[in-house]
Amino acid sequence: MKPSPHELAKRLPADFTFGTATSSWQIEGDSKGRGSSIWDDFAAQPGNIIDGTTADPACDHIRRWRDDLDLLSWLGVDSYRFSISWPRIQPDGSGQLSEAGLDFYDKLIDGLLERGIKPALTIYHWDLPSALGAKGGWTWEGIADAFADFTSVVADRYADRVERWATFNEPWCSAFLGYASKVHAPGAGNPAQGFEAAYRLMLAHGRSMEVLRSHKARNPGIVLNLTTIISEDAESREAAHHLDGLQNRLWLDLLAGRGVPQDLIDHTTDITDWSFVKSSELKEIAVPIDWLGINYYTPTRVSKPGANDAGKIVGQSGDVNPGTPPVTFTPRDPRTEMGWEIDASSLTTTLKQTAERLPGVPLYVTENGGAFPDKTVVDGTIEDLDRLDYYNRHINAALDAKDQGVDLRGYFAWSLFDNIEWAEGWTKRFGIVHVDVESQVRTPKASANFIKEVLALRNKN
Ligand code: IFM
């Protein structure tokens with residue numbers, strides 16, 4: 001049965017922020033109008049992106065942004081979470097700025113404000129300028145200062161109008177998919193570099209926070225991809241604890257001023273000596289944040305080695321999780337096209353667990369959603385009832401956490417429209433709005449209509 005928008009609308013508090021999210025490389029296109037990024041380099045190597053997708057045309061958002069903002073108005077969202085492309089603003093990652101790039105985001109921000117939608121800006125969502133990649137990217141000693149300088153450029157320009165700032169989106173992915181393994185750009189495949197990148201990303205976060213504060217930017221914070229790790233048997237407990245360290249505790253402990261978890265250090269001695277960690281820098285990383293964003297999609301469920309192989313699960317494997325004792329990743333059905341188990345109750349537990357580990361910080365679900373086949377078309381509309389059901393369950397699960405005392409202030413659906421799903425290219429679609437890559441026509445799916453109805457009803461509560 002189709003979930004009722006009325007029931008969900010009744011639960012949504014009037015002051016709860018509801019939005020949708022996207023990121024620059026995934027939607028913008030127009031790679032010729034900006035500097036090159038590590039994702040352009042990565043995509044140019046055959047085999048890295050499953051269907052050979054490159055940055056063009058993506059959703060051609062650079063040209064179609066006005067229509068895309070109208071789509072947000074039509075949906076009735078309170079806020080839009082987007083990221084800026086560093087190489088579009090500063091093609092080489094330092095020095096010369098592109099006025100055209102700066103101007104694009106000026107217009108985007110103004111366009112949002114004209115429509116009564118609050119801009120939520122992420123400074124870094126993975127598209128590092130190639131010139132900085134060539135210096136070692138997130139393992140380069142100078143990267144935190146380069147990021148702080150870039151923050152100063154964008155805070156100068158946009159702090160007067162942006163409602164909410166995130167320094168980073170999912171540093172776990174940059175570090176462990178990009179450096180420890182070869183799943184994402186730059187594809188280093190070096191576990192030691194994964195840990196160093198993780199540390200330098202967080203140092204860059206701390207320094208960027210200081211810059212944002214000095215520019216009086218409103219609501220600076222960070223977005224992490226956190227989850228609940230479920231161990232199915234005694235033999236997988238130790239691995240589950242290690243995975244919790246990599247996925248959750250490393251980031252939260254650094255933010256909370258607890259440093260790198262000792263058990264993580266102990267379990268990775270044959271990979272890294274952690275000599276890049278400096279105690280004075282740990283203090284910089286632990287500067288207070290105004291809010292924390294949590295991107296949640298699926299739990300991580302593990303069983304003893306030799307348990308039934310679940311096939312491909314994007315982002316869940318030994319190579320992306322360095323130092324993990326032998327274990328099998330065993331998501332249960334139902335699953336999305338990413339191979340990710342659908343379990344809304346793990347969103348509730350993730351929010352509660354995070355609130356305990358980083359007390360006193362308001363939380364937002366900054367991404368949540370699913371890739372589904374989108375095969376059923378009725379009267380020209382994609383009847384994505386699986387996605388609609390996913391949203392209904394997960395928004396309710398987030399509100400359950402709020403009812404149980406978590407200071408949850410908002411929820412953002414991933415994604416506003418179908419876009420390039422990184423190494424999965426166009427083969428996985430997360431949008432609530434369908435995008436025809438050839439014609440670039442946007443068509444709201446049933447899930448978009450559901451969210452629109454919920455928001456319209458909520459405003460009448
Ligand atoms: O598409 C990504 C997004 O860029 C970051 N979070 C997870 C999404 C789905 O994989």
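Going by the structure above, here's the rest.
The sections below set out a description of the structure shown in this document. Since this is a predicted model, take the numbers as computed values, not measurements.

Definitions and cut-offs
- Residues numbered from 1 in each chain as written.
- Predicted model: local features only at pLDDT ≥ 70, side-chain atom pairs only at ≥ 80, totals over all residues.
- Heavy atoms only, no water.
- Disulfide = S-S within 2.5 Å.
- Buried < 20%, exposed > 50% of the residue type's maximum accessible area, 1.4 Å probe, protein only.
- Helix = DSSP H or I, 4+ residues; strand = E, 2+ residues; numbered from the N terminus.
- Polar contact = N/O pair within 3.5 Å; in protein donor to acceptor, adjacent residues only side chain to side chain.
- Contact = heavy atoms within 4.5 Å.
- 1 Å grid on protein atoms, 1.4 Å probe; cavity = no way out; pocket = protein on both sides within 12 Å on 5 of 7 lines; lining within 4 Å.
- Points joined across faces, edges and corners; volume = space filled by probe spheres on them.
- Nonpolar A, V, L, I, M, F, W, Y, C, P; charged D, E, K, R; others polar.
- Pairing = 2+ DSSP bridges.
- Axes fitted to C-alpha atoms, helices over the stretch in contact; angles between N-to-C directions.
- Phe/Tyr/Trp six-rings, centres within 6.5 Å; stacked < 30°, edge-to-face > 60°.
- Expected span 1.5 Å × (residues − 1).
- Near = heavy atom within 4 Å.
- Sits in = over half its atoms within 2 Å of the grid points.

Scanning all chains against the criterion turns up zero disulfides. Considering cysteine sulfurs only, C173 is the nearest to C59, which forms no disulfide, with 19 Å between them. With a relative accessible area of 5%, C173 lands in the buried category.

Relative to the helices and strands, D374 is located in the loop between β10 (363-367) and β11 (377-378). Residue classification places D374 among the buried positions, given a relative accessible area of 11%. In this structure the side chain of D374 is engaged in a polar contact, spanning 2.8 Å, whose partner is the side chain of R387. Once you skip the residues sitting within four places of it in the chain, D374 turns out to touch I382, D384, R387, D418, R429 and K445.

Throughout the structure, instances matching the rule amount to four cavities of 30 Å³ or more. Quantified by volume, the largest cavity comes out at close to 510 Å³. Surrounding the largest cavity, 35 residues form its lining, E170, C173, N225, Y297 and W340 being those nearest its centre. Secondary-structure elements contributing two or more residues to the lining of the largest cavity are α9 (171-180) and α11 (237-256). Broken down by element, the lining of the largest cavity gets its largest block of residues, three residues, from α9. Counted by class, the lining of the largest cavity contains 18 nonpolar, 13 polar and four charged residues. There is about 60 Å³ of room inside the second largest cavity. The wall of the second largest cavity is formed by I38, W39, Y124, W126, W138, C173, S174, Y179, H184 and A185. Secondary structure elements with two or more residues in the lining of the second largest cavity: α3 (38-44) and α9. Considering each element in turn, the lining of the second largest cavity owes the most residues, three residues, to α9. By residue class, the composition of the lining of the second largest cavity is eight nonpolar, two polar and no charged.

Before going further, it helps to spend a moment on the sheet that holds strand β2 (residues 79-83). The eight strands lie next to each other as β1-β2-β3-β4-β5-β7-β10-β13, forming a closed barrel whose pairing is parallel. Within the sheet, the average angular offset between the axes of one strand and its neighbour, ignoring direction, is 25°. Bridge count for strand β7 (residues 291-295) against β10 is four bridges, and the pairing is parallel. Residue pairing across strands places G293 opposite Y364, the latter belonging to β10. Seen against the sheet, helix α15 (residues 385-403) touches β1 (17-21), β10 and β13 (408-414) and runs at an angle of roughly 165° to β13.

A few words now on the layout of surface pockets. In this structure, the largest pocket encloses a volume near 240 Å³. Forming the walls of the largest pocket are 17 residues, and the residues nearest its centre are V183, K312, V314, G315 and E424. Taken together, the residues that form the lining of the largest pocket break down as eight nonpolar, five polar and four charged.

Let us look at the packing of aromatic side chains. The full count for this structure, using the stated rule, is 29 aromatic pairs. Relative to F150, the ring of W86 has its centre 4.7 Å away and its plane inclined at 10°; by these criteria the two rings are stacked. With W86 in helix α5 (residues 86-89) and F150 in helix α8 (residues 143-158), this pair connects stretches of sequence that are 64 residues apart. With respect to burial, W86 and F150 carry one shared label: buried.

Glancing now at the sheet that holds strand β8 (residues 300-303). Hydrogen bonds between backbone groups are what pair the strands of a sheet, and the pairing can be parallel or antiparallel. An order of β6-β8-β9 is seen for the three strands of this open sheet, with the pairing classed as mixed. This sheet does not close on itself; its edge strands, each paired only once, are β6 (229-231) and β9 (328-329). Bridge count for β6 against β8 is three bridges, and the pairing is parallel. By the bridge assignment, I229 is partnered in β8 with T300. The strands touched by α11 are β6, β8 and β9; relative to β6, the strand with the most contacts, the crossing angle is about 175°.

With that settled, the discussion passes to helix α16 (residues 446-458). Counted at 1.5 Å a residue, the expected span for α16 with its 13 residues is 18 Å, and the 18 Å between its end C-alpha atoms agrees. Of the positions making up α16, those classed as buried are A446, S447, A448, F450, I451, V454, L455 and R458.

Lining the immediate surroundings of the ligand are 13 residues, of which Q26, E170, E367, E421 and W422 lie closest. Interatomic distance of 2.7 Å between a side-chain N/O atom of Q26 and an oxygen atom of the ligand. Take W422: an N or O atom from its side chain is 2.8 Å from an oxygen atom of the ligand. If you map the ligand onto the pockets, it falls in the largest cavity. Looking at the shell around the ligand residue by residue, the classes come out as seven nonpolar, three polar and three charged.

Moving on to the pairing of strand β3 (residues 118-124). Extensive coverage of β3 is indicated by the burial of six of its seven residues. Across five bridges, the pairing between β2 and β3 is parallel. Looking across to β3, one finds that F82 is bridged to L121. Where β3 and strand β4 (residues 164-169) come together, four bridges link them in parallel fashion. Paired with T122 across the two strands is A166, which belongs to β4.

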